[in-house]
Amino acid sequence: MSEVKVASSNGIPPPSFDLPLPDRPDIITANIQKLIEQTPNPRHRFIFKTLVKHLHQFVNETSLTTDEWMAAIDFLTRTGQKCTPLRQETILLSDILGVSALVDSLNNPVAGGATENSVLGPFFTEDAADVEFGESIASEGKGDYMYVEGRILTTEGQPIPNAIIDTWETDADGFYDTQYADRSHPDCRGRLRSDDDGRFGYRAVVPIAYPVPGDGPVGELLCLLGRHNMRPNHLHMMVEAPGFHKLVTALYPEGCDYLRSDCVFGVKKSLVVSLKDIVDDEEARKRGFPRGGSFKLLQYDIILLTEEQSAAIRTRVEEERGVITGDEKY
Ligand code: BEZ
Ligand code: FE
């Protein structure tokens, strides 16, 4: 005997209160807000109340047409469909709308001279090779020589030894290793540790400005908005040490044409660095650059907050903004 399927609800009963039939647009907004009041989790309730308020306000303010809303739905559908394990078009959408940078900045406020955060981006990988002090993260021929050095410090200027530093960058053609179909090993990326003095130093290449993927719906959107899809050249760094707040950041050499219009809003003033030109064959060879000649020197100290400092700053900033109050506290 074949099993008879009966359409059934999710088991949640109708609300105990009466909702007016939505004969006017404003009743639709009021009704959905009343329904959201029933959300059991207070944080979820707060988020969805706020989301729906702004979404409905947006539709009203723009007098959105049916065609425009259908175009938006088609765009979001195609954005989701473009995603694969290696291509995250939805994150890219969040990036180019500034939402990723905003969420990062609000969640990682700094004080006391601590190093500011910058967007992680999609090119971090877990498989970077361990690199000893002074070694290279890039294979020979990947670009112009650059030496990166500095210290990992507390806000009181004390060294943080044994911090793990993950670092990754583009080669001279503006590509990450993961963008090559024939990638056989990690390149232009490495994992190192600070020494007893908190010092780190490694050979790298001068990174190059590059476009974020432009062949999908997000690329179309950037063109529609008359925006370029370039990121200024940068060197990513992710620094972790026990007891300290994990830092995800990037350093941006000055002078790039895209510095002030980064398509994903990652650049902060404190992260813009000047590269020194070292034209000294002997020094280049001493630092381990096989071709000698000259190299760029990037010097930068990374200052980490302790977990307690980070939590205290975050609480203070949230209180100052006054966003979480009364029963909305989660
Ligand atoms: C990156 O810097 O690697 C990146 C960040 C956001 C979107 C695309 C790339
Ligand atoms: Fe990048």
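Structure: see above.
Residues numbered from 1 in each chain as written. Chains lettered and ligands numbered in written order. Predicted model: local features only at pLDDT ≥ 70, side-chain atom pairs only at ≥ 80, totals over all residues. Heavy atoms only, no water.

**Quick notes on unusual backbone geometry**
At step 1: Positive phi is not limited to glycine here, since Ser-63 has a value of about 45°.
At step 2: Here Ser-63 is to be found in the loop between α2 (42-62) and α3 (66-82).
At step 3: Overall, Ser-63 belongs to the exposed group, its relative accessible area being 56%.
At step 4: With phi around 55°, Cys-188 is a residue other than glycine that occupies positive phi space.
At step 5: On the basis of relative accessible area, Cys-188 is assigned to the buried category, the value being 3%. (Helix = DSSP H or I, 4+ residues; strand = E, 2+ residues; numbered from the N terminus. Buried < 20%, exposed > 50% of the residue type's maximum accessible area, 1.4 Å probe, protein only.)

**Quick notes on the packing of aromatic side chains**
At step 1: Counted under the stated rule, the structure contains nine aromatic pairs.
At step 2: A centroid spacing of 6.3 Å and a plane angle of 75° characterise the contact between Phe-123 and Tyr-210, whose relative ring orientation is edge-to-face. Of this pair, Phe-123 sits in the loop between α5 (99-107) and β1 (145-153) while Tyr-210 sits in strand β5 (residues 210-211), placing them 87 residues apart in sequence.
At step 3: On the accessibility criterion, Phe-123 (13% relative accessible area) is buried.
At step 4: On the accessibility criterion, Tyr-210 (3% relative accessible area) is buried.
At step 5: Among the aromatic residues, those joined into a cluster by ring pairs are Tyr-145, Tyr-147, Phe-289 and Phe-295.
At step 6: Positioned over the ring face of Phe-289 is Arg-203, at 6.0 Å from the centre of the ring.
At step 7: Between the NZ or CZ atom of Arg-287 and the centre of the ring of Tyr-147, over which it lies, the distance is 4.6 Å. (Phe/Tyr/Trp six-rings, centres within 6.5 Å; stacked < 30°, edge-to-face > 60°. Lys NZ or Arg CZ within 6 Å of the ring centre and 35° of its normal.)

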